[in-house]
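What follows is each chain in one-letter form.
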Amino acid sequence: MTNYLDFEKPLAEIEGKAEELRAMARANEDMDVEDEAGALDRKAEAMLRDLYKDLTPWRKCQVARHPDRPHCRDYIEALFTEYTPLAGDRNFADDHAVMGGLARLNDRPVMVIGHEKGNDTKSRIERNFGMARPEGYRKAIRLMEMADKFGLPVVTLVDTPGAYPGKGAEERGQSEAIARATEKCLQIGVPLVSVIIGEGGSGGAVAFATANRLAMLQHSIYSVISPEGCASILWKDAEKMREAAEALRLTAQDLMKLGVADRVIDEPLGGAHRGREATIAAVGKAIAGMLADLDGKDREALIRHRRDKFLNIGSKGLAA
């Protein structure tokens, strides 16, 4: 069953009517409804094109959060072979919001790390909705250190509303763990490429995305704070999230202009959830291309490139 976003309600009515006609035809073989259903399909496709022709930043936020978008686990299962998950931070526990392990991408050994939100109620609770605790970031640090030791490129898949803000996480050093993970991203002497596959929220995303190359899906977002959080702080009203989303410049297109993102990966019409296989294939192609761009660079060049990239952010585009 398709999950429709608020602004897709007119589309839901048309597609629902087409499905009702086909259901009636399945129940009565003498009925021929294909012409009427086909006309509704064409009308729905035209409406879908119109809706997604020029999405506002807030609507992009909604698409980025769509529960049916492919998640980290889907990308790992489809793109990587011989995936061997590695668990735990060797200090406190294993954080199920963070997946990571050894794998092969097009037969090339890599270390893959990412946030996993889950795809149903049970798995979302288990994965804490993709919000990592300190042990998740410390696990990522451990895996990056292992990759550095054995000369393996690191691929990160970012999809989180932000780091978990609970009392226990703060007691175990949430901000310190995020800072250490960001520092480790800057220190490792192997290629590090990152893809924002949904939400890139706050320091929880930066800790994985401080990379040599950063790609964003067309309708993904990447921001220091959620629009709702920003609106609550600036206007004392979370309902101002539309204005906040506009001001934050959190879309992939704006972040390309700012020099934060290096490439935008096109999504199928209607978002990644309407074309999961095509989206996953496009992400795989982008990751392979970004790794190829970094081939031949030695350890010092990779570290210097990463450092210079982040020092130069803000020197061009909308913020210049």
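Below, the structure is looked at part by part. (Residues numbered from 1 in each chain as written. Predicted model: local features only at pLDDT ≥ 70, side-chain atom pairs only at ≥ 80, totals over all residues. Heavy atoms only, no water.)

**Section: the layout of surface pockets**
In step 1: By volume, the largest pocket is sized at about 300 Å³.
In step 2: Lining the largest pocket are 15 residues, with Y222, S223, V224, L255 and V260 sitting closest to its centre.
In step 3: In terms of residue count, the dominant contributor to the lining of the largest pocket is helix α9 (residues 202–209) (four residues). (1 Å grid on protein atoms, 1.4 Å probe; cavity = no way out; pocket = protein on both sides within 12 Å on 5 of 7 lines; lining within 4 Å. Points joined across faces, edges and corners; volume = space filled by probe spheres on them. Helix = DSSP H or I, 4+ residues; strand = E, 2+ residues; numbered from the N terminus.)

**Brief notes about the nonpolar core**
As a rule of thumb, soluble globular proteins bury nonpolar side chains together.
In step 1: Of all hydrophobic cores here, the largest spans 37 residues; its most connected members are I113, Y137, V154, F208 and Y222.
In step 2: Contributions of two or more residues to this core are made by β3 (108–115), α6 (134–150), β4 (154–160), α8 (174–187), β5 (192–201), α9, β6 (213–217) and α12 (252–258).
In step 3: For this core, the element with the most residues is α6, which contributes six residues.
In step 4: I113 has contacts with V98, M99, G100, A140, L143, M144, V154, V155, T156, L157 and F208, leaving out every residue within four places of it along the chain. (Core = buried A, V, L, I, M, F, W, Y, C linked by side-chain atoms within 4.5 Å. Buried < 20%, exposed > 50% of the residue type's maximum accessible area, 1.4 Å probe, protein only. Contact = heavy atoms within 4.5 Å.)

**So, empty space enclosed by the protein**
In step 1: Summed over all chains, the structure comprises one cavity of 30 Å³ or more.
In step 2: Here the largest cavity is characterised by a volume of approximately 70 Å³.
In step 3: In terms of lining residues, the largest cavity is bounded by R65, P161, E199, G200, G201, I221, S223, I225, S226, P227 and L250.
In step 4: Of all elements in the fold, only β5 and β7 (221–223) reach the threshold of two or more residues within the lining of the largest cavity.
In step 5: Tallying contributions element by element places β5 first for the lining of the largest cavity, with three residues.
In step 6: Residue classes in the lining of the largest cavity are distributed as five nonpolar, four polar and two charged. (Nonpolar A, V, L, I, M, F, W, Y, C, P; charged D, E, K, R; others polar.)

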